[in-house]
Amino acid sequence: MNKHALYHKSDSLFGYPIDKDTVEIRLRAARGELASVMLVYGKKHLFAQERKTLAMSVTASDSLFDYFTVRLKLVDKRLAYIFLLTDTDGNNYYYSEDGATETYDFSFGFYNFFQLAYINENDVMPEVDWLGRAVVYQIFVDRFYRGGDGDAGYINLAWGAKPTPKSFAGGDLYGITAKLDYLVDLGVNTLYLTPIFTSVSNHKYDISDYYNVDAHFGGNEAFGELMSACKRKGVRVILDAVFNHCSEDIAQFRDVKEKGAKSKYHDWFVIHGDKPTKKPLNYEVFSECDYMPKWNTANPEVQEYLCGVGEYWIKNYGIDGWRLDVSDEVSHEFWRKFRTRIKAFGSDKALIGENWHDSRSYLRGDQFDSIMNYAFTKAMLDYFAHGTLTTPALCDKLNELQMRNMTQVNFMMLNLLDCHDTHRFYTMCGKNENKLLNALAVELFMPGATMVYYGTEIPLEGGYDPDSRRCFDWKNHAFTGRVKELLKYKKLRALYEGDVVFACENGLFIVERKTRGQTATLFVNNTDKSASARGVTVAPDGYAITVE
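Calculation rules
Residues numbered from 1 in each chain as written. Predicted model: local features only at pLDDT ≥ 70, side-chain atom pairs only at ≥ 80, totals over all residues. Heavy atoms only, no water. Pairing = 2+ DSSP bridges. Helix = DSSP H or I, 4+ residues; strand = E, 2+ residues; numbered from the N terminus. Axes fitted to C-alpha atoms, helices over the stretch in contact; angles between N-to-C directions. Buried < 20%, exposed > 50% of the residue type's maximum accessible area, 1.4 Å probe, protein only. Arc of directions from axis to C-beta. Contact = heavy atoms within 4.5 Å. Core = buried A, V, L, I, M, F, W, Y, C linked by side-chain atoms within 4.5 Å. Patch = residues over 30% accessible without salt bridge, like charges linked within 9 Å, V, L, I, M, F, W, Y side chains within 5 Å. Areas by Shrake-Rupley, 256 points an atom, 1.4 Å probe, with all protein chains shown as cover. Salt bridge = Lys/Arg side-chain N within 4 Å of Asp/Glu carboxyl O. Phe/Tyr/Trp six-rings, centres within 6.5 Å; stacked < 30°, edge-to-face > 60°. Expected span 1.5 Å × (residues − 1). Polar contact = N/O pair within 3.5 Å; in protein donor to acceptor, adjacent residues only side chain to side chain. Left-handed = near helix turned anticlockwise from the far one by under 90°. Nonpolar A, V, L, I, M, F, W, Y, C, P; charged D, E, K, R; others polar.

Visitor: Whenever I open this one, the sheet that holds strand E17 (residues 321-324) confuses me. Can you help?
Guide: Pairing between the strands of a sheet is mediated by backbone hydrogen bonds and can be parallel or antiparallel. Strand order in the closed barrel formed by eight strands is E10-E11-E14-E17-E18-E19-E20-E21, and the pairing between neighbours is parallel. Sheet twist, expressed as the mean angle between neighbouring strand axes with direction ignored, is 25°. Bridge count between strand E19 (residues 370-373) and strand E20 (residues 414-416): two bridges; the pairing is parallel. Residue pairing in the sheet places Asn-373 in a bridge with Asn-415 of E20.

Below is the structure:
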């Protein structure tokens, strides 16, 4: 047995509470090396005298490891436990904080058993349950639809022409309100809008006024109308919180440029010197953009200011949550404070980080609810577009992604194929509509929210930014009906609360979601020949769904 592969840590992603009375315990081992795993557990203070055993099962496997999992309902919230392992040769080992040993002295177990010392209710990672039911439609506002009749003098892009970084097409919030029935009919129940606040750019990620909607989008009045319409139709709204950086034109930074170190806002930014200068650049910015100075989110005054912004749009307009831009470059301390302030309006207010990488340190219940699942995006590209993942390798990869986080977090992840920051998935797949639909079906069957980037249902093509931000083509498209039929499955109970299993059978990629009384199974054929499994035949580049 490969002892180096064994891994467990309590009070971590391998041992944590699901709710105030239920815990999930995971153990990692080298793939295929353990015949069985038993959890040996008991009350923390009686472990030497009284113990029970419970079999653990393999719930996920990746290219290197098997993950054994068990859920345990507690009577006493103080849990002590170790593992009894049997390898494929029939050898038995105990696994505790001392590692794998051939014997274990239970009378001295208080030195080295694993423990969940006490399940405090406010330490449980809570679940925003509507995220698991959400079909989220992301809109780059300037390119969706123009519904207002205000000033058009700023528009410099003919609707449908290829955009440049400086293009303005005229889409606005009135346009989204006008098309809300279309979105609801498509199956959308949540909107995620790229930034809407005052800015000189088309993308609005360089904000100069966080308290006013940009006039190009219709101002606060247009947003108020959109929110009212969304509430009438049961559509939730998530806004983009750009709290890593702002515009150089924001009042606070202008004050620093004028007064230097004497400005009361000097420490609101990260400036290496008296006054900010561009040549040489002596202040921190987003990426390499000298017109987007970085907030100093370690500063308590900045924290208070940005928390106030977050509260304002909930208190005054009733938004349902925030997508947190460049969230992994913002201080953990700020996000903890921000979560406390936002969740005071209701535990159902969603906080979704724009973290592109493994983000477990943000997802312990004190900062974000979830992140944008770009690791899933990459897996879909590698399988459907690049052809660098085989079907078994895709199973391994998606299992590995599920093991990165707590189960609650997986059921809140914002899964996506593409967005305003990526190439269009349709273009990456060689404009193959079937591959796009197959990938969307896999996304639909993943635990968590299903995000559809505006125009996916047309399907809209596009390369990297700004080409991925083309104008929506409002002609009728046959593909839209296929997407609509697929999104109807999101209402299945199995798809928002069922456990997930990935499998590869006869060349088909299979995703099974199972909950009490209902099993939904997706069969995907990513080949050029028909294939069958479990009595279901799937056409080349096709998918099939069964519900039992």
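Visitor: Where do I start with helix H4 (residues 251-259) in this structure?
Guide: Residues separated by three or four positions in an α-helix point in the same direction, a consequence of the helix having 3.6 residues per turn. Looking only at H4, the buried set comprises Gln-252, Phe-253, Asp-255 and Val-256. Here the buried residues of H4 occupy an arc of 155° about the axis, which is enough to place them on one side. Check the buried side of H4 and you find it contacts strand E16 (289-293) and helix H5 (300-317). Note on H4: the residue one or two positions beyond its end, Gly-260, has a positive phi of about 65°.

Visitor: How should the nonpolar core be read in this particular structure?
Guide: If you look at soluble globular proteins, the nonpolar side chains tend to sit buried side by side. One finds Tyr-137, Leu-173, Leu-191, Phe-223 and Trp-322 to be the most contacted residues of the largest nonpolar core, which totals 142 residues. Core analysis: the second largest hydrophobic core is formed by 25 residues, Leu-34, Met-56, Phe-68 and Val-124 among them.

Visitor: Just to check I follow, could you spell out a nonpolar patch on the surface for this structure?
Guide: Judged by side-chain polarity, Phe-108, Phe-110 and Tyr-111 come together as a nonpolar surface patch covering roughly 400 Å² of accessible area. Inspection of the secondary structure assignment puts Tyr-111 in the loop between strand E8 (99-101) and strand E9 (114-116). Using a relative accessible area of 62% as the deciding quantity, one classes Tyr-111 as exposed.

Visitor: Can you walk me through the packing of aromatic side chains in this structure?
Guide: Two measures describe an aromatic ring pair: the distance that separates the ring centres and the angle between the ring planes. Enumeration over the complete set of coordinates arrives at 53 aromatic pairs. Ring centres of Tyr-95 and Phe-114 lie 5.8 Å apart, and the angle between their planes is 45°; this geometry places the pair in the tilted category. One end of the pair, Tyr-95, is in strand E7 (residues 92-96); the other, Phe-114, is in strand E9, and 19 residues separate them in sequence. This pair shows no difference in class: Tyr-95 is buried, exactly as Phe-114 is. Ring geometry for Phe-253 versus Phe-269: centroids 5.0 Å apart, planes at 75°, classification edge-to-face. A residue pair is termed long-range when its members are at least 10 positions apart, and Phe-253 in helix H4 and Phe-269 in the loop between H4 and strand E15 (285-286) qualify at 16 residues.

Visitor: Teacher, can you tell me more about the sheet that holds strand E22 (residues 499-505) here?
Guide: Pairing is antiparallel across the open sheet formed by four strands, whose spatial order is E22-E23-E24-E27. Two strands lie at the open edges of the sheet, namely E22 and strand E27 (542-547), each paired on one side alone. Between one strand axis and the next, the sheet turns through 15° on average, direction left out of account. With seven bridges connecting them, E22 and strand E23 (residues 508-515) associate as antiparallel partners. If you follow Val-500 over to E23, its bridge partner there is Arg-513.

Visitor: Is there a simple way to think about H5 in this case?
Guide: The terminal C-alpha atoms of H5 lie 26 Å apart, and with 18 residues this matches the ideal 26 Å at 1.5 Å per residue to within 8%. Turning to H5, its buried residues number three or more, namely Val-302, Gln-303, Tyr-305, Leu-306, Cys-307, Gly-308, Val-309, Gly-310, Glu-311, Trp-313, Ile-314 and Tyr-317. N-cap assignment for H5: the residue whose side-chain oxygen lies 2.8 Å from the backbone N of Glu-301 is Asn-299.

Visitor: Would you mind showing me how to read the environment of Arg-28 here?
Guide: If you trace the backbone, Arg-28 turns up in strand E2 (residues 22-30). Distance in space between the C-alpha atoms of Arg-28 and Asp-66 is 5.8 Å, their sequence separation being 38 residues. Each residue touching Arg-28, except ones within four places of it in the same chain, is listed here: His-4, Ala-5, Leu-6, Tyr-7, Phe-14, Phe-65, Asp-66 and Tyr-67. Polar contacts involving the side chain of Arg-28 include one to the main-chain carbonyl oxygen of Ala-5, which spans 3.0 Å.

Visitor: I would appreciate a short explanation of unusual backbone geometry in the present structure.
Guide: Glycine aside, residues mostly have negative phi angles, and peptide bonds mostly take the trans form. Of the consecutive residues Ile-458 and Pro-459, the connecting peptide bond is found in the cis state with omega at 0°. Its location among the elements puts Pro-459 in the loop between strand E21 (449-453) and helix H12 (478-487). Cis peptide bonds are those with omega within 30 degrees of zero, and the linkage from Asp-465 to Pro-466 qualifies with 10°. With a phi close to 50°, Asp-11 is a non-glycine residue in the positive phi region. With respect to the helices, strands and loops of the structure, Asp-11 is situated in the segment before strand E1 (15-17).

Visitor: Can you walk me through the packing of helix H7 (residues 374-385) against helix H11 (residues 433-445) in this structure?
Guide: Packed helices, taken two at a time, are described by the angle their axes make and the gap between the axes. In contact at an axis separation of 11 Å, H7 and H11 are set at 145° when each is read in the N-to-C sense. The interaxial crossing formed by H7 with H11 has right-handed handedness. Residues Phe-376, Met-380 and Phe-384 of H7 pack against Lys-435, Asn-438, Ala-439, Val-442 and Glu-443 of H11. Along the lines of polarity and charge, the residues of the contact of H7 with H11 split into five nonpolar, one polar and two charged.

Visitor: It is not clear to me how the pattern of salt bridges should be interpreted in this structure. Could you clarify?
Guide: Pairing of side chains with opposite charge becomes possible as their charged atoms draw close. Scanning the model with the defined rule gives 38 salt bridges in all. One salt bridge connects Arg-516 with Glu-497, and the closest N-O pair in it is separated by 2.6 Å. A residue pair is termed long-range when its members are at least 10 positions apart, and Arg-516 in the loop between E23 and strand E24 (518-525) and Glu-497 in helix H13 (residues 493-497) qualify at 19 residues. Arg-516 sits in the exposed class, given a relative accessible area of 60%. One connected set of salt bridges, linked through shared partners, spans Asp-240, Arg-323, Asp-325 and Glu-354.

Visitor: I tried to follow the pairing of strand E4 (residues 52-61) on my own but got confused; where do I start?
Guide: Looking down a regular strand, the side chains alternate between one sheet face and the other. Inspection of the sheet shows strand E3 (residues 34-43) paired to E4 by five bridges, in the antiparallel sense. Its bridge partner being in E4, Met-38 is matched across the sheet by Ala-55. Alignment of E4 against strand E5 (residues 65-73), held across four bridges, turns out to be antiparallel. In the strand pairing of E5, Ser-61 is matched with Asp-66. Once E4 ends, the chain turns through three residues before running back antiparallel as E5.

Any functional reading would require information that these geometric values do not contain.
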